[in-house]
Every structure is written in structure tokens, then in C-alpha cells.
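Given next are the chains, with one letter for each unit.
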Amino acid sequence: MRTLLKFLQKYSNFLLFLLLETFAIWFLVQGSNYQRSRIVGLNRQISGYLFSKVDGARAYLSLREANLELVEENVKLRNRIDRMELLMDSAIVRSEFRDPYHFQYVPCRVVHNSVYKQYNYMTLDKGRKQGVFKDMGVISENGLVGIVLEASNNFATVIPVINRDFRLSVKLRSNNYAGILQWEGESPLFAVLNEIPFHVDLVLHDTIVTSGFSTIFPEGIDVGTIDSFSLDKGNFYEIRVRLSTDFQKLFNVNVIRNFKQDEQLNLEQQTR
Amino acid sequence: MYIIARNIFRFVVVVLFQVLVMDNVMISGYMIPYVYLLFILLMPFETPRWVVLLSGFMLGLGIDLFEHTLGMHTFATVLVAFIRPYILGMLAPRDGYEPDTFPRIHYYGFTWFLKYTLLIVFVHHFALFFLEVFQLQNFLSTLLRVILSSVLSASTIVLSQYFVFRK
């Protein structure tokens, strides 16, 4: 007994060290259900509040850039209106014309954003009260951004394309072949598109868009362009995609609310 | 008592400074300054080891909560808190550390402080970055990130000695 006590006393610091590291590893393993743990839920409120305060200063410093972006978007939208009006005037309503009550956009500000980690996350300044819920798509005026991971009353966290857990079905705009978009943790400018079979003819700088197979994004939202491709892995291309969204200067985003998501998911559930 | 209050205050300031200011400083994907280690570095020599370990744990946890990386910073910081006495012993001057001094440039000089900071920061970044990637596939690219970030973090910490913790 005495030797045991002596042993404990002698190595107490080492044992404490082991105990604390065990806790840390346990946290790490739990990390996969990170968003579910309670301590984090409380923290999301606090960190969301703090980040939104700091964002005030950051936003002021980058007013000029944000302004330019808005001007550009304005021009784009005006062009689109012109095109639409032309279409309506000639009374050609195409079959794929979108139902106006299908998708709605909620404008949000990015109040916190990490870019240079392996598992990047983003915080938005809108939450459940403003109609932002789990599993909604997030886009910027340039294209795809990510998916809402979790929402509290006034804030939401987003898992962006540049997170190693991100997966999304996307397709080539020119020939509709679909593959899986993911990120390998190297640069925030590029992602990787897999599962495009070898017999497809690829052209550099070809556009890649969302496939619309999930209920999260409508079809045809810009993802990026083909930067390079290789056939190293047998029957499938490995395509390097230059992302159209610049994650390093992201301020304004839109969250997509799909009003027919439940209907589609229910139907698919019944069919299975 | 005074020293405890001062350290608690420093803890809060260091965590907030890291997550609110330093996390926005990203020179490139290879360089992220983690200056919160300052807190562990500057703890007095005679602090009991269990206090250093527990502070390391709280510090890492505090950073993890803001960075969405539950466990990673905790692991690396506890590791550093554990090896700190050994590194201090390794770098000790011939007649040991004098009473009433702190591990700072002001008392032990630039070279000593730089060595001390670099060693601690490197061990911390090594554990942190490899835990984050969790693979040995791109060993060299991760190692490069560890080295470059260590240099950046260490220089920021050394600079802070001239501007914030002058005495």
C-alpha cells in the first residue's frame, strides 16, 4: 500500500498528464459529432456574438471591396433581367422555367470564416428566426459556397466546400456527366472532382455546375472550372477544379430555402 | 494572490486575442501564428507542475471551442505544458534560475528566450498540425507548414516581449 502511494506521489504529474491527454483524445474522437455536444451549443451563442462584433470592424475596413462586389452583382442581375424580359415579351415560356415558389434566398453576412485549416467552418449572422435551417444550401454571387451544418436562433454554421468532410454531387455543364466534388485540404482555390468516367471528353476551363440531384441546391449553380485533369486512377478522371467562389474574401452570401424539400424527401422515402 | 489574478487576466486576454485578432492573420496556407502559447511560456518558474498542466488544458480547450477543433489544441497544449520543465532544465544557466525572475527576455536575454520559444512552439505545432491532417501521406508538406508556422509564431511571441511585456 505504501509503495503504491509512493509510486502515485512520485508519478503524480505524469499521471495527470496522461489523464488530461486522454480527455483531449476523447474530445477528438467525439469531434465527429462535434455539433451535437452541449458545451458547443452554448459556445456557439457566445462565439457568434463575439465574432459578429469583430465583423463590424472588419466590414468597415473592407467597405470598398464589398461595394465593388455589389456593383458587379448589380450589373449581372440587370443583364439577367433584360434577358428574362426578352423571353417574356416573346411569350416563350420554356418548360424548365422555374416555379417562383420553389426556391427562396435569404441574404446573410459571413461573420466568421476560416480558410487555411483542414476542416474549415463559417459562421453566418442569420439563424432559425430568420429562416435559416440545417441542411440548406449556401451560395455567393459567384457560385457554390457550402451547406448549413447547424443553426441556432440567430446564427448558423456552414460547412464550406473547403472542408475535408464536404461532398456534393456536381456535373459538367456541357454534357451533364455527374461526379462527386470534394476537397483535399491543399489550397482554398481548388477542389477535386472524381468519378467522371474516362470516356468523357474533357475540355480545359469547361464549367462545372451543381447537379440538382439533392434537394439542397437547384440545378445549374456555378461551382468552378476545370483547371487540369489526369487519368492516374484507372477508369476515372481526377479533375482539379478552380472554384468560382473566392473563400478568402467572402462577405455576403445567400442561403437557399427549398420549399419543396420535404415533399421530395417524403416521396423518395415512400418509394424506397 | 496578485500573481494569480494577473495570470487569469492574461489567460482571457490571450485567448480573445488569438481567436479575434490572430486567427484573421493568415499569411498563406503555410503560416498561421498561434501566439496563445505565450501564456504557458510566461508562467513563473516555480509554478507547480500540476497547475501548468491544468492551465494548458484549459487554454487548449478555450481555443478549441472557438476554432471548432475540439481536442486538437487541447492535446498539443497539454503536451507542451508537460515538457516545459524539461526544456527549462535543458536551457538553465549554470547556476540555475534566480528567485524573483520570470522566463522573459528582460531577465534572461534574447538568445535564451528565442531558443525557449522555438522549442516549445515547434513541439506544439508539430503535434497540432499532424493531428489536424491525421495522416503521414504528405509528411513533407505538413512538416513545411509546421516549420514555417513555428517561425511566424515564435517571431510574433518574441516581438510581443518588446511591445507588450517589456518588463
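Bear in mind the structure is a predicted one, so any value in this text is a computation, not a measurement. (Residues numbered from 1 in each chain as written. Chains lettered and ligands numbered in written order. Predicted model: local features only at pLDDT ≥ 70, side-chain atom pairs only at ≥ 80, totals over all residues. Heavy atoms only, no water.)

## Description of the packing of helix α4 (residues 72-91) of chain B against helix α6 (residues 110-133) of chain B
All names here are of chain B.
Next, step 1: At a minimum axis separation of 9 Å, α4 and α6 run at an interaxial angle of 150 degrees. Accordingly, the angle class assigned to the pair α4 and α6 is roughly antiparallel. When the axes of α4 and α6 are compared, the crossing they make is right-handed. (Axes fitted to C-alpha atoms, helices over the stretch in contact; angles between N-to-C directions. Helix = DSSP H or I, 4+ residues; strand = E, 2+ residues; numbered from the N terminus. Parallel < 35°, antiparallel > 145°, perpendicular 65-115°, else oblique. Left-handed = near helix turned anticlockwise from the far one by under 90°.)

## A few points about a nonpolar patch on the surface
All names here are of chain A.
Next, step 1: A surface patch of nonpolar side chains, about 870 Å² in accessible area, is lined by M1, L4, L5, F7, L8, Y11, F14, L15 and L18.
Next, step 2: With four residues, the top contributor of residues to the nonpolar patch is helix α1 (residues 2-10).
Next, step 3: Within the fold, Y11 resides in the loop between α1 and α2 (12-30).
Next, step 4: Residue class for Y11 comes out partly exposed when judged on its relative accessible area of 35%. (Patch = residues over 30% accessible without salt bridge, like charges linked within 9 Å, V, L, I, M, F, W, Y side chains within 5 Å. Areas by Shrake-Rupley, 256 points an atom, 1.4 Å probe, with all protein chains shown as cover. Salt bridge = Lys/Arg side-chain N within 4 Å of Asp/Glu carboxyl O. Buried < 20%, exposed > 50% of the residue type's maximum accessible area, 1.4 Å probe, protein only.)

## Quick look at the interface of chain B and chain A
Next, step 1: With 34 residues of chain B at the interface, the matching set in chain A holds 29 residues.
Next, step 2: Between chain B and chain A, the buried area comes to about 3,200 Å², and carbon and sulfur atoms account for 72% of it.
Next, step 3: If you look at where chain B meets chain A, you find zero salt bridges.
Next, step 4: Our count for the contact surface shared by chain B and chain A stands at two residue pairs in polar contact (both at pLDDT 80 or more).
Next, step 5: Elements represented by at least two residues in the side of chain B that touches chain A include exactly α1 (2-21), α3 (49-67), α4 and α6 of chain B.
Next, step 6: No other element matches the ten residues that α3 of chain B contributes to the side of chain B that touches chain A.
Next, step 7: When the residues that make up the side of chain B that touches chain A are grouped by side-chain class, the tally is 21 nonpolar, eight polar and five charged. (Contact = heavy atoms within 4.5 Å. Buried area = accessible area lost by both parts, 1.4 Å probe. Polar contact = N/O pair within 3.5 Å; in protein donor to acceptor, adjacent residues only side chain to side chain. Nonpolar A, V, L, I, M, F, W, Y, C, P; charged D, E, K, R; others polar.)

## Digging into the sheet that holds strand β2 (residues 122-124) of chain A
Residues and elements named next belong to chain A.
Next, step 1: Spatially, the six strands close up into a barrel ordered β1-β2-β5-β4-β3-β12, and their pairing is antiparallel. This sheet shows a mean twist of 45 degrees between the axes of neighbouring strands, independent of strand direction.
Next, step 2: With three bridges connecting them, strand β1 (residues 103-113) and β2 associate as antiparallel partners. By the bridge assignment, H112 is partnered in β2 with T123. (Pairing = 2+ DSSP bridges.)

## A few points about the side chain of T117 of chain B
Residues and elements named next belong to chain B.
Next, step 1: Within the element layout of this structure, T117 appears in helix α6.
Next, step 2: On the basis of relative accessible area, T117 is assigned to the buried category, the value being 0%.
Next, step 3: Within polar-contact distance, the side chain of T117 engages the backbone oxygen of F113 at 2.7 Å.
Next, step 4: Beyond its immediate stretch of four places on either side in the chain, T117 contacts L41, A154, I157 and V158.

## Quick notes on the side chain of E69 of chain A
Next, step 1: Structurally, E69 of chain A can be placed in helix α4 (residues 63-89).
Next, step 2: In contact with E69 of chain A, not counting residues within four places along its chain, are E141 and K249 of chain A.

## Quick notes on the pairing of strand β4 (residues 143-151) of chain A
Side-chain positions along a regular strand alternate between the two faces of the sheet.
Residue and element names in this part refer to chain A.
Next, step 1: The buried count for β4 comes to seven of nine residues, which makes it a mostly enclosed element.
Next, step 2: Bridging between strand β3 (residues 137-140) and β4 involves four bridges; their strand directions are antiparallel. Looking at β4, one finds that I139 is bridged to L144.
Next, step 3: Following β3, the chain reverses through two residues before pairing antiparallel with β4.
Next, step 4: In this sheet, strand β5 (residues 156-160) lies alongside β4 in antiparallel orientation, the contact comprising five bridges. Directly across from I147, in β5, lies its bridge partner I159.
Next, step 5: Between β4 and β5, which pair antiparallel and follow one another directly, the connecting turn spans four residues.

## Focus on the confidence of the model for chain B
Close inspection of predicted coordinates is inappropriate for parts of the model with low pLDDT.
All names here are of chain B.
Next, step 1: On average, chain B scores 86 in pLDDT, and the residues at 70 or more come to 94%.
Next, step 2: At the level of individual helices and strands, chain B shows its lowest average pLDDT in helix α5 (residues 105-108), which scores 85, and its highest in α4, which scores 92.
Next, step 3: As scored by the predictor, the complex reaches a pTM of 0.64 and an ipTM of 0.83. (pLDDT = per-residue confidence, 0-100.)

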